[in-house]
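# Observations on the model geometry
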Amino acid sequence: MDGLIIGLDLCDAYTRICCHDREKSWCLPTVICRKKDEDAWYVGEEAYAYTLVGEGIIVDKLIKMVRKEGTATLGGTKYEGLELLTIYLKKILKFPMEEFFCDEVKQLVITLQKVDLKLMDSLMHCADSLGISRDRVHIISHTEGFVYYTLSQKKEVWSNQVGVFDLSEDSFHYHELKVQRGLRKTMVIAEDEALEESFNLDILDTPSGGKLADKILSSCAERLLQKKLFSSVFLTGKGFERHDWAIDSMKVLCSRRKVYMEPELFARGAAFKGMDYMQEKTAYPFTCICEGRLRSTVSMRVLHKERESQLVVAAAGDNWYESKSSVDLILDNQDYVEFMVTPMDPKQRRLVRIALEGFPNRPNKTTRLGLSFGFLDEKTMAVVLKDKGFGELFPATDAVIRQEVML
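Described in the following lines is the structure provided in the data block. (Residues numbered from 1 in each chain as written. Predicted model: local features only at pLDDT ≥ 70, side-chain atom pairs only at ≥ 80, totals over all residues. Heavy atoms only, no water.)

### A look at empty space enclosed by the protein
Tallied over the entire structure, the rule returns one cavity of 30 Å³ or more. If you add up the space inside the largest cavity, you get close to 30 Å³. Along its surface, the largest cavity is lined by Leu-89, Leu-108, Ile-110, Leu-123, Cys-126, Ala-127, Leu-130 and Ile-132. No other element matches the four residues that helix H4 (residues 117–130) contributes to the lining of the largest cavity. Looking at the lining of the largest cavity residue by residue, the classes come out as eight nonpolar, no polar and no charged. (1 Å grid on protein atoms, 1.4 Å probe; cavity = no way out; pocket = protein on both sides within 12 Å on 5 of 7 lines; lining within 4 Å. Points joined across faces, edges and corners; volume = space filled by probe spheres on them. Helix = DSSP H or I, 4+ residues; strand = E, 2+ residues; numbered from the N terminus. Nonpolar A, V, L, I, M, F, W, Y, C, P; charged D, E, K, R; others polar.)

Set out below in structure tokens:
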């Protein structure tokens, strides 16, 4: 198959790059530098090298800069964070392109520790600048990358619960996954917890610091894994590139369960998901509930060909960022629009009604209503209602209602 399927784990501290079905991978610090005397750019360790000899000016924490709309002045020129991130992505995507002699990106799946609208929009603008079509770019959370990595393994790896400890330079996270098999469809539920016991990886360089880190990990493992049946536990992140410091905690982790070291877990999971986008039929026939996915189904009661039915606007398990839709309806004896919000627990479902205030008063069935739906995050739906009139008899007006609905 021509073209690369790339999984990209993008964090402020480091970036990992994997391609589906290829062993070669890359891990580099998320930094970029510009040479002082010319418009030449370098990333990763090379950026550090030029800065160390005084030939370059370095910028780090690119993700944080983009989120805060920050800027940096390099060589007398002011650059926006988005511009620097675009240059950085262009440079690092050349690694797999040159390694595998291919300059076409079939799918690019970027996995982030935390997904938010600002950063996701920014990454899509980066893709535009790089000439990668938006329908080939997808953004998922670390938790979802973990889901796709895990369910791409043999069934015995995920037959019971699965956990992952992610120990990086700036954070300590725990993810947990369980598969629920139902009569209709399999559901995968995955959660993420930022652990308060986070510590700086520099302490691993001393014996006393290593003992403290071992004690912290042991305590977390005992608290999070007790009284649950696990098929496997994964360890990922810079902190686990060596584990000679984790003597006691390894005894806790390895008690009655298999433990795997997988430094590229999130990037590999993203690449597996990228491959799945290329298939006519998914290899993962399940509903996934995790960060970045909707936890509720939103539907409307409508009449179609004289039969009443539920029109699903968005379904639980959909990617909220990619979940956008629009529909036109004819109003029938009502001056409002009503949605049914059904969360994971159907007993908690509720009706949400939006009154059509400011819309013209017309005879029944002579108002065509345009509805557009999108999401600001996994818990907030943005609805736009527009009056589209009804042919020449009842021209459309400027009546518009914009409302956010909490799910």
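### Digging into H4
When the terminal C-alpha atoms of H4 are compared, their 20 Å separation across 14 residues agrees well with the 20 Å that a helix rising 1.5 Å per residue should span. Listed in full, the buried residues belonging to H4 are Leu-119, Met-120, Ser-122, Leu-123, Met-124, Cys-126 and Ala-127. Turning to H4, the residues buried within the fold contact strand E1 (4–10), helix H2 (62–67), helix H3 (81–99), strand E9 (105–112) and strand E10 (137–141). Of the residues one or two after H4, Gly-131 is the one with positive phi, at around 75°. (Expected span 1.5 Å × (residues − 1). Buried < 20%, exposed > 50% of the residue type's maximum accessible area, 1.4 Å probe, protein only. Contact = heavy atoms within 4.5 Å.)

### Some words on the packing of helix H5 (residues 142–150) against helix H9 (residues 265–277)
At a closest axis distance of 7 Å, the pairing of H5 and H9 adopts a crossing angle of 70°. Classed by the angle they form, the pair H5 and H9 counts as roughly perpendicular. Seen from above, H5 lies across H9 with left-handed handedness. Contacts from His-142, Glu-144, Gly-145, Phe-146, Tyr-148 and Tyr-149 of H5 reach H9 at Leu-265, Phe-266, Arg-268, Gly-269, Phe-272 and Lys-273. Along the lines of polarity and charge, the residues of the contact of H5 with H9 split into six nonpolar, three polar and three charged. (Axes fitted to C-alpha atoms, helices over the stretch in contact; angles between N-to-C directions. Parallel < 35°, antiparallel > 145°, perpendicular 65-115°, else oblique. Left-handed = near helix turned anticlockwise from the far one by under 90°.)

### Notes on the nonpolar core
Nonpolar side chains in soluble globular proteins tend to end up buried together. Formed by 70 residues in total, the largest nonpolar core has its most connected members in Leu-85, Tyr-88 and Leu-385. Ranked by residue count, the leading element in this core is H3, at eight residues. Once residues within four sequence positions are removed from consideration, Leu-85 is found in contact with Leu-10, Leu-62, Ile-63, Val-66, Leu-123 and Cys-126. (Core = buried A, V, L, I, M, F, W, Y, C linked by side-chain atoms within 4.5 Å.)

### Description of the environment of Lys-35
Examined against the element boundaries, Lys-35 turns out to sit in strand E4 (residues 32–35). Placed 242 residues apart in sequence, Lys-35 and Tyr-277 show a C-alpha to C-alpha distance of 39 Å. Leaving out residues up to four positions away in the same chain, Lys-35 has contacts with Ala-40, Tyr-42, Tyr-50, Glu-55 and Gly-56.

### Observations concerning the side chain of Ser-232
Among the structural elements, Ser-232 can be located in strand E14 (residues 230–236). Judged by its relative accessible area of 0%, Ser-232 falls in the buried class. Here the side chain of Ser-232 touches Val-157 through a polar contact of 2.7 Å, landing on its backbone oxygen. (Polar contact = N/O pair within 3.5 Å; in protein donor to acceptor, adjacent residues only side chain to side chain.)

### Quick word on the pairing of strand E18 (residues 307–314)
Alignment of strand E17 (residues 297–304) against E18, held across seven bridges, turns out to be antiparallel. Bridged to Met-300 within E18 is Leu-311. Between E17 and E18, which follow one another and run antiparallel, lie two residues, and Lys-305 among them has a positive phi close to 55°. (Pairing = 2+ DSSP bridges.)

### Things to note about unusual backbone geometry
The phi torsion at Asn-333 lies on the positive side, around 55°, for a residue other than glycine. Positionally, Asn-333 belongs in the loop between strand E19 (325–330) and strand E20 (336–342). Positive phi, normally seen in glycine, also occurs at Lys-365, with a value near 60°. Along the chain, Lys-365 falls in the loop between strand E21 (350–355) and strand E22 (368–377). Its relative accessible area of 46% is what places Lys-365 among the partly exposed residues.

### Describing the sheet that holds E20
Taken in spatial order, the four strands of this open sheet run E18-E17-E20-E21, and their pairing is antiparallel. Each edge of the open sheet is held by one strand with a lone partner, namely E18 and E21. Pairs of neighbouring strands in the sheet enclose a mean axial angle of 35°, with direction left out of account. Here six bridges tie E20 to E21, and the two strands are oriented antiparallel to one another. Counted as the bridge partner of Val-337 is Ile-354 from E21.

### Examining the sheet that holds E1
What holds strands together in a sheet is hydrogen bonding between their backbones, with the strands either parallel or antiparallel. Read from one edge to the other, the open sheet built from five strands follows the order E3-E2-E1-E9-E10, with strand pairing classed as mixed. Here the strands that pair on one side only, and so sit at the sheet edges, are strand E3 (25–29) and E10. When the angles between neighbouring strand axes are averaged without regard to direction, this sheet yields 20°. Examined bridge by bridge, strand E2 (residues 14–19) and E3 share five bridges and lie antiparallel to one another. Considered in E3, the bridge of Cys-18 is made with Ser-25. Taken strand by strand, H5 contacts E1, E9 and E10, and its axis lies near 100° from that of E10.

### Focus on the side chain of Glu-338
Relative to the assigned elements, Glu-338 resides in strand E20. Reaching out from Glu-338, the side chain makes a polar contact with the side chain of Arg-353 at a distance of 2.9 Å. The residues contacting Glu-338, other than those within four sequence positions of it, are Ser-299, Met-300, Leu-351, Val-352 and Arg-353.

Just geometry here; none of it tells us what the structure is for.
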